[in-house]
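So the chains spell out like this:
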Amino acid sequence: SRLHLRVTVKLNMGSALASALLWPSKALSRAIVLWMLKVVLPRPKAVIGVSLLVIFTCGAGVYNINIKNEGDELWVPQDTDVMKNRDTVTARYGAPPSWQSTILSSAVSPNVLTPGGVDTMYDLETKANGLPGFNKACLKRGSGTVAESGACVYASITTLWCNRSHYNVEVTAAVDPQGALLQIIHTRKRFSLCHGGGRVEQGRLMGAPTFSDGSNFKTATSNSSITGASYLLGWYETDSDKPVSALEAVDQDFGDLMESEQTRLRNNWRLSYAYESAFDVEIGRSVSGDIPLVAAALCLTTMATVLTQYFRSQPSISFAKLGGWGMTAVFLSIVMGYGLVIWCGVPFTSLSQIGPFIFLGVGVDDVIVMLEAFRHARRTLPGGGTVESRAEFAIERAGVSITITSITNFLAFSLGSITVIPAVRWFCIYASVTILCDFLVQMSLFLAIVVIYEKDDQEKGVPAEAYRLATQETVPITSIPSAETSAGGVTYNHKVLESALGTRPLASEPAGAISRFDKMMAFYADTLMKTPVRIAVVLVFIGYGAFCIAVIPQIEEARQRLPLEPT
């Protein structure tokens with residue numbers, strides 16, 4: 001009939017569409033099986049050798065590492081008009097000076113504006129000026145040869161005097177040093193001519209000042225006299241046009257000096273310090289600082305993998321050693337991926353340190369999926385099967401899953417690598433390449449190791465033992481007394497239905513040992529399938545999703561530089 005013909009055509013069209021959609025998966029499965037049967041299975045040791053050679057060749061690229069830690073280069077696109085204009089200004093007028101600073105406060109008094117505080121500032125500046133290369137690196141007044149021989153540019157309370165001898169004459173030798181100090185601060189509104197004679201910013205150099213008339217920093221007038229301050233600021237400028245290595249060395253020495261001075265002065269004074277390159281230094285330090293965390297994550301993940309693959313009561317399906325080898329393969333894939341990207345000249349940043357934690361999770365998932373497929377093959381194939389049949393069985397299932405997830409992860413990170421933010425782009429490049437390397441290592445090195453273990457177990461009869469135990473565990477359900485009911489033309493058995501719903505156990509429990517994990521997962525599945533639980537789960541996730549959508553307007557963008565640096 002015409003209706004029958006129409007239904008047949010639609011079914012054929014649906015079947016053709018389903019076949020077309022399944023074709024890539026089938027083709028992928030055939031390709032992976034052929035790789036396993038024609039390459040890995042016949043010569044696993046050769047595959048291991050070639051894999052290790054490629055891994056270590058790519059991993060050698062880490063010796064060519066280029067660490068980027070400048071905040072502007074990490075988070076600001078370099079081809080924007082802003083960065084181009086900055087480079088143009090720098091090329092024509094030189095780079096703006098960089099800086100170092102100290103902040104001194106008293107540990108025993110709220111007032112640091114005393115002769116003792118000024119003497120301490122002089123001591124700190126004298127030691128800083130004595131650092132190797134400091135006098136050459138500092139920004140100097142004048143130009144040409146005059147600049148090289150002039151005084152360093154800095155702002156501090158000490159610049160009210162030409163030098164320390166001048167200060168000693170006017171303050172230290174006075175009958176009332178404290179009164180003399182406050183009088184000079186009130187009357188001398190400019191730096192000493194030795195320091196350029198610029199106007200003194202009292203509110204900046206003497207933080208949180210107190211005044212004789214009770215006014216504060218905002219309400220003080222020219223007649224208000226400073227009587228005290230909570231801290232003293234020292235600001236020192238270095239010449240950014242000098243070699244970067246020289247400036248970095250001076251900054252490092254400055255930081256080491258101030259750290260030791262903090263310890264020396266801690267009983268009477270509180271010293272804080274900073275320098276412009278400190279932000280970049282901390283970013284660079286975080287690169288090496290996270291290495292112990294990566295090592296700890298690798299150890300913990302390896303332990304977890306080994307323990308989950310260990311079956312004490314059923315050694316025939318225990319893959320603890322292979323779990324350890326699998327995590328070794330994951331680690332080598334990370335080394336391979338990062339080394340290959342570094343070979344290509346992609347900068348390494350602190351953001352790239354996130355990668356190993358992600359790739360350990362991805363890699364261990366591949367390892368467990370692969371081992372579970374081989375375990376299932378031993379328990380399913382008659383007599384435990386042969387090495388070839390188990391390999392084909394496992395690869396048809398696990399290999400396709402691993403390949404598809406690896407491809408999707410690779411594509412996701414590849415798309416992320418076209419972002420304009422340099423640090424994110426570089427991280428996505430590392431991620432996409434390492435995901436690909438993890439797949440290649442799993443399907444070559446680790447698969448070859450599994451084949452060697454399978455061949456060894458085959459000679460010992462281990463797979464046959466696994467199959468024997470599995471057949472003992474799977475006891476067929478014996479005949480159950482009929483208790484059938486018909487409703488709406490459908491006949492069902494109460495006991496079978498109750499067993500399916502989890503309200504009644506099956507006629508036979510497994511004769512072999514069942515792991516606690518399996519029991520726990522069975523209990524979880526039975527609980528999750530109960531109607532009230534399913535409704536509760538759906539409601540919880542709907543509520544959580546609504547809450548997440550509601551708080552989206554409260555997201556604040558970190559526009560300042562400091563929130564992007566390590567704390």
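Please read all numbers here as calculations on a predicted model, not as lab measurements.

Bringing the packing of helix 15 (residues 354-380) against helix 17 (residues 422-460) into the picture now. Two elements in contact, helix 15 and helix 17, have axes whose closest approach is 10 Å; the angle formed by their N-to-C orientations is 30°. What the angle tells us is that helix 15 and helix 17 run roughly parallel. Crossing angle aside, the handedness with which helix 15 passes helix 17 is right-handed. Its residues assigned to classes, the contact of helix 15 with helix 17 shows 16 nonpolar, four polar and five charged.

Okay, the environment of Val 39 next. Mapped onto the secondary structure, Val 39 falls in helix 1 (residues 2-40). On a C-alpha basis, the gap between Val 39 and Ser 444 in space is 9.2 Å, while along the polypeptide they are 405 residues apart. If sequence neighbours within four positions are ignored, Val 39 has contacts with Leu 34 and Val 47.

Our focus in this paragraph is the side chain of Arg 375. Following the sequence through the fold, Arg 375 ends up in helix 15. With relative accessibility at 4%, the residue Arg 375 sits in the buried group. Non-local contacts of Arg 375, meaning those with residues more than four positions away in its chain, are made with Gln 309, Phe 311, Ile 317 and Phe 319.

Turning our eyes to something else, we now look at the packing of helix 13 (residues 291-308) against helix 14 (residues 320-343). The N-to-C vectors of helix 13 and helix 14 enclose an angle of 150°; their axes lie 8 Å apart at closest approach. What the angle tells us is that helix 13 and helix 14 run roughly antiparallel. Between helix 13 and helix 14 lies a crossing of right-handed hand. Residue-level inspection shows Leu 298, Thr 301, Thr 302, Thr 305 and Val 306 of helix 13 in contact with helix 14, the latter providing Ala 320, Gly 323, Gly 324, Met 327 and Phe 331. Residues belonging to the contact of helix 13 with helix 14 are distributed by class as follows: five nonpolar, five polar and no charged.

Bringing the nonpolar core into the picture now. One finds Met 36, Met 370, Phe 374, Ile 395, Leu 445 and Leu 447 to be the most contacted residues of the largest nonpolar core, which totals 61 residues. Counting residues per element, the ones that place at least two in this core are helix 1, helix 2 (44-59), helix 13, helix 14, helix 15, helix 16 (387-416) and helix 17. With 19 residues, helix 17 is the largest single contributor of residues to this core. Each residue touching Leu 445, except ones within four places of it in the same chain, is listed here: Ile 48, Ser 51, Leu 52, Ile 55, Ala 329 and Leu 332. Listed in part, the 39 residues of the second largest apolar core include Leu 131, Leu 247, Met 258 and Ala 278.

Time to look at the side chain of Thr 159. Counting through the fold element by element, Thr 159 comes out in the loop between strand 2 (154-155) and helix 8 (164-172). Thr 159 sits in the buried class, given a relative accessible area of 0%. For Thr 159, the side chain forms a polar contact with the main-chain oxygen of Ser 156, separated by 2.5 Å.

A few words on a nonpolar patch on the surface. A surface patch of nonpolar side chains, about 670 Å² in accessible area, is lined by Met 520, Met 521, Tyr 524, Leu 528, Val 537, Val 540 and Phe 541. Of all the elements in the fold, those that place two or more residues in the nonpolar patch are helix 20 (516-528) and helix 21 (531-550). You can see Val 537 is positioned in helix 21. When its relative accessible area of 32% is taken as the criterion, Val 537 is described as partly exposed.

Along its 24 residues, helix 14 runs 35 Å from first to last C-alpha, staying within 8% of the 34 Å computed at 1.5 Å per residue. Trailing helix 14 by a residue or two, Gly 345 shows a phi angle of about 90°, which is positive.

Mapped onto the elements, Ser 156 comes out in the loop between strand 2 and helix 8. Measuring from C-alpha to C-alpha, the distance between Ser 156 and Met 121 comes to 8.3 Å, with 35 residues separating the pair along the chain.

Look at helix 16: 41 Å from first C-alpha to last across 30 residues, which is about the 44 Å you get at 1.5 Å a residue. Where helix 16 bends most, at Ile 395, the angle is about 40°.

Any pair of aromatic rings gets described here by the distance separating the centres and the angle formed by the planes. Here the structure, examined in full by the defined rule, presents nine aromatic pairs. Grouped by ring-pair contacts, the aromatic residues Tyr 338, Phe 348, Phe 359 and Tyr 430 constitute a single cluster. Directly above the aromatic system of Phe 393 lies the positively charged group of Arg 397, at a separation of 3.6 Å from the ring centroid.

As a general feature of sheets, a regular strand has side chains that alternate between the two faces. Here strand 1 (residues 98-106) runs beside strand 6 (residues 231-238); their pairing, made up of seven bridges, is antiparallel. Directly across from Gln 100, in strand 6, lies its bridge partner Tyr 236. Bridging between strand 2 and strand 6 involves two bridges; their strand directions are antiparallel. Looking at strand 6, one finds that Tyr 154 is bridged to Tyr 236.

Turning next to the confidence of the model for the protein chain. With 80% of its residues at a pLDDT of at least 70, the protein chain reaches an overall mean of 80. In the predicted structure, residues 143-149 sits below a pLDDT of 50 and forms six contacts with residues beyond four places in sequence or in another chain. For the stretch residues 561-566, pLDDT sits under 50, and the model shows twelve contacts to residues farther than four places along the chain or on other chains.

What counts and what doesn't
Residues numbered from 1 in each chain as written. Predicted model: local features only at pLDDT ≥ 70, side-chain atom pairs only at ≥ 80, totals over all residues. Heavy atoms only, no water. Axes fitted to C-alpha atoms, helices over the stretch in contact; angles between N-to-C directions. Helix = DSSP H or I, 4+ residues; strand = E, 2+ residues; numbered from the N terminus. Parallel < 35°, antiparallel > 145°, perpendicular 65-115°, else oblique. Left-handed = near helix turned anticlockwise from the far one by under 90°. Nonpolar A, V, L, I, M, F, W, Y, C, P; charged D, E, K, R; others polar. Contact = heavy atoms within 4.5 Å. Buried < 20%, exposed > 50% of the residue type's maximum accessible area, 1.4 Å probe, protein only. Core = buried A, V, L, I, M, F, W, Y, C linked by side-chain atoms within 4.5 Å. Polar contact = N/O pair within 3.5 Å; in protein donor to acceptor, adjacent residues only side chain to side chain. Patch = residues over 30% accessible without salt bridge, like charges linked within 9 Å, V, L, I, M, F, W, Y side chains within 5 Å. Areas by Shrake-Rupley, 256 points an atom, 1.4 Å probe, with all protein chains shown as cover. Salt bridge = Lys/Arg side-chain N within 4 Å of Asp/Glu carboxyl O. Expected span 1.5 Å × (residues − 1). Bend = angle between axes of the 7 residues up to and from the residue. Phe/Tyr/Trp six-rings, centres within 6.5 Å; stacked < 30°, edge-to-face > 60°. Lys NZ or Arg CZ within 6 Å of the ring centre and 35° of its normal. Pairing = 2+ DSSP bridges. pLDDT = per-residue confidence, 0-100.

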